[in-house]
Amino acid sequence: MTEVQATVEKARSAARWWGGLSHNERRSRLLAWKRHIARHIGELSALIAEETGKPQDDAALEVMLAVEHLDWAARHAGKVLGRHKVPSGMLAANHVATLEYLPLGVIGVIGPWNYPVYTPLGSVSYALAAGNAVVFKPSEHTPRTGAWLADAWAAAVPGEPVLQAVLGDGSVGAELTWSGVDKVAFTGSAATARKVMATCAETLTPLVVEGGGKDAMIVAADADLDAAARAAAFGGFGNAGQTCAGVERVYVERSVYPEFLLRLSALAVGEQTMTTPEQPAIVRAHVEDAVSRGGRAVVGGPSSITDSTVAPVVLAEVPEDSIAVTEETFGPTLVVNPVDDIGEAIRLTNASKYGLAASIFSKDSHRATGIARKLRTGAASVNAVLGFAGVPSLPFGGVGDSGFGRIHGADGLREFSRAQAVTRQRFAAPMDLMRLDRDPKVMQRALKLFHFRHGR
């Protein structure tokens with residue numbers, strides 16, 4: 001038996017204990033884990049910064065967001081998942097109908113390196129709150145952060161190994177998908193997601209995927225341009241651009257396009273460390289393709305990229321079929337293109353194979369909300385970026401190459417549960433149709449009622 005298989009077997013035993021607890025009993029233990037993380041935020045954020053290269057303040061913000069989600073999941077799981085009555089309907093009026101969401105068992109979580117706490121805990125916290133045990137495989141680039149989270153659980157909730165970490169490269173993740181877990185939660189590239197999905201298909205293991213994004217910001221002519229530029233800079237350059245739901249494309253109405261570019265360019269400063277050695281080459285390829293195809297490097301350019309760092313790059317008037325527009329860059333670059341109207345911005349936003357999130361800037365919030373509803377994305381923020389990330393009650397996930405399924409919120413709790421429908425007969429049915437020796441007269445009366453109810 002391999003280490004991964006042995007870990008899953010230990011989790012299977014722990015899941016029986018954990019799933020047998022009441023929601024309140026699990027809640028108290030989850031909140032103990034939360035308090036442990038919160039009390040050691042300095043230690044954890046320093047470790048994140050060391051492994052990812054991000055500033056420690058950014059790492060601390062990541063932990064704060066993750067803890068908010070953990071707290072919400074712990075406090076709301078009972079209400080969302082607990083057994084409750086549902087209407088029985090006319091044909092089954094003699095039955096009491098209840099619905100309850102029960103644990104799946106063991107969840108395998110394969111986490112990313114860009115947000116090694118916030119992103120995987122979006123699955124881990126909700127899976128635990130739903131009554132499952134979790135085997136967590138962190139990225140090989142952030143193994144100590146993943147191990148820290150599992151050790152923190154053991155310290156706060158000693159006893160059964162309800163949360164365990166397995167460390168290693170992609171082969172360990174592949175083994176986890178083969179190990180007999182009851183569901184896999186994966187975050188990573190769409191290409192790797194396809195491989196994980198193919199493996200899961202062999203054993204009919206269900207899967208939830210966050211596969212990345214090429215998120216767009218739409219800037220209307222009436223927008224607050226200072227606020228829009230600040231948001232674009234944060235969404236595009238924050239965390240060295242390594243944010244799945246950050247900003248990579250900006251579509252600006254032509255009348256305010258020059259002014260927006262001017263304001264954004266003033267904010268494109270500072271050199272940032274990329275987390276993985278492969279990423280700078282990808283960023284360089286996208287920037288070079290954009291420039292070679294006629295795009296303008298308004299700020300920076302290929303020279304902004306070294307073997308380990310990238311300074312912010314602003315590209316303008318980039319052809320829509322450039323890889324800088326069509327593929328996820330995952331670096332501190334922004335493509336800013338003018339549009340004739342909002343309709344064109346919506347069309348170009350939706351032309352992407354990705355569909356994770358978007359943002360809209362306009363002083364007319366009602367209009368902006370209407371624009372959001374026309375976008376093929378799982379989330380959107382109006383007059384902000386990543387606003388949804390800090391709202392634990394909102395589900396998060398995408399469409400297309402951005403994946404499927406949802407984490408966070410009530411949908412995230414149900415994602416790691418199985419619905420169980422139960423009926424209990426209270427009294428004999430006045431018209432008993434559920435029998436082989438059915439009375440023809442009873443059937444005639446039932447048909448008359450049926451036509452009266454549904455055929456008029």
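Residues numbered from 1 in each chain as written. Predicted model: local features only at pLDDT ≥ 70, side-chain atom pairs only at ≥ 80, totals over all residues. Heavy atoms only, no water.

Attention now goes to unusual backbone geometry. A positive phi is found at Asn383, a non-glycine position, where the angle reads about 60°. Of note, Asn383 is situated in the loop between strand S17 (379–382) and strand S18 (399–400). (Helix = DSSP H or I, 4+ residues; strand = E, 2+ residues; numbered from the N terminus.)

Here we take up the pattern of salt bridges. In the structure shown here, the tally under the stated rule is 21 salt bridges. Put simply, Arg144 and Glu50 hold a salt bridge, and the shortest N to O gap is 2.9 Å. Taken together, the positions of Arg144 in helix H6 (residues 143–156) and Glu50 in helix H3 (residues 41–52) put the pair 94 residues apart, joining distant regions of the chain. A salt bridge links Glu259 to Arg263; its shortest N-O distance comes to 2.7 Å. Residue Glu259 and its partner Arg263 are both found in helix H10 (residues 257–267); the two are separated by four residues, about one turn of the helix. What makes Arg263 partly exposed here is its relative accessible area of 27%. One network of salt bridges, in which partners are shared, links Lys34, Asp71 and Arg75. (Salt bridge = Lys/Arg side-chain N within 4 Å of Asp/Glu carboxyl O. Buried < 20%, exposed > 50% of the residue type's maximum accessible area, 1.4 Å probe, protein only.)

Strand order in the open sheet formed by six strands is S5-S4-S3-S6-S7-S19, with mixed pairing between adjacent strands. Two strands lie at the open edges of the sheet, namely strand S5 (163–165) and strand S19 (403–404), each paired on one side alone. Pairing analysis gives three bridges linking strand S4 (residues 133–137) to S5, with the strands arranged parallel. From the neighbouring strand, Val135 faces S5, where its bridge partner is Gln164. Of the strands in this sheet, strand S3 (106–110), S4 and S5 touch helix H1 (residues 3–20), which is tilted by about 150° from S4. (Pairing = 2+ DSSP bridges. Contact = heavy atoms within 4.5 Å. Axes fitted to C-alpha atoms, helices over the stretch in contact; angles between N-to-C directions.)

Pairing is mixed in the open sheet, where seven strands are placed in the order S11-S13-S14-S9-S8-S16-S17. The outermost strands of the open sheet, each flanked by one partner alone, are strand S11 (296–299) and S17. Neighbouring strand axes in the sheet, compared pairwise and without regard to direction, differ in orientation by 25° on average. Two elements, S11 and strand S13 (residues 313–316), share three bridges in a ladder whose sense is antiparallel. Residue pairing across strands places Ala297 opposite Leu315, the latter belonging to S13. Most of the contacts of H10 go to strand S14 (residues 333–339), to which it runs at about 165°, and overall it touches strand S8 (216–219), strand S9 (249–253), S11, S13 and S14.

We now examine the side chain of Glu415. Topologically, Glu415 is positioned in helix H15 (residues 409–415). Residues within four places of Glu415 in sequence aside, it is in contact with Leu104, Lys183, Val208, Gly405 and Arg406.

Time to look at the environment of Ala446. With respect to the element layout, Ala446 can be found in helix H16 (residues 440–454). With 387 residues separating them along the chain, Ala446 and Ala59 place their C-alpha atoms 65 Å apart. Contacts of Ala446, omitting those with residues within four sequence positions, involve Met431 and Leu433.

Going residue by residue along S8, you find Ala216 and Ile218 tucked away on one face and Met217 and Val219 tucked away on the opposite face as well. Looking at chain direction, S8 and S9 are connected through four bridges and run parallel. Paired with Val219 across the bridge in S9 is Val252. In this fold, the crossover linking S8 to S9 by way of helix H9 (residues 225–237) has right-handed handedness. With four bridges connecting them, S8 and strand S16 (residues 357–361) associate as parallel partners. Within S16, the residue paired with Ala216 across the bridge is Ala358. (Right-handed = clockwise from strand over helix to strand, strands pointing away.)

If you check helix H4 (residues 56–81), its first and last C-alpha atoms are 36 Å apart, about what 26 residues at 1.5 Å a residue would give, namely 38 Å. When the local axis directions of H4 are compared, the greatest deviation, roughly 40°, occurs at Arg75. (Expected span 1.5 Å × (residues − 1). Bend = angle between axes of the 7 residues up to and from the residue.)

Taken together, the side chains of Met90, Leu91 and Leu449 present a nonpolar region at the surface, about 330 Å² in accessible area. Along the chain, the position of Leu91 falls in the loop between strand S1 (84–86) and strand S2 (95–103). (Patch = residues over 30% accessible without salt bridge, like charges linked within 9 Å, V, L, I, M, F, W, Y side chains within 5 Å. Areas by Shrake-Rupley, 256 points an atom, 1.4 Å probe, with all protein chains shown as cover.)

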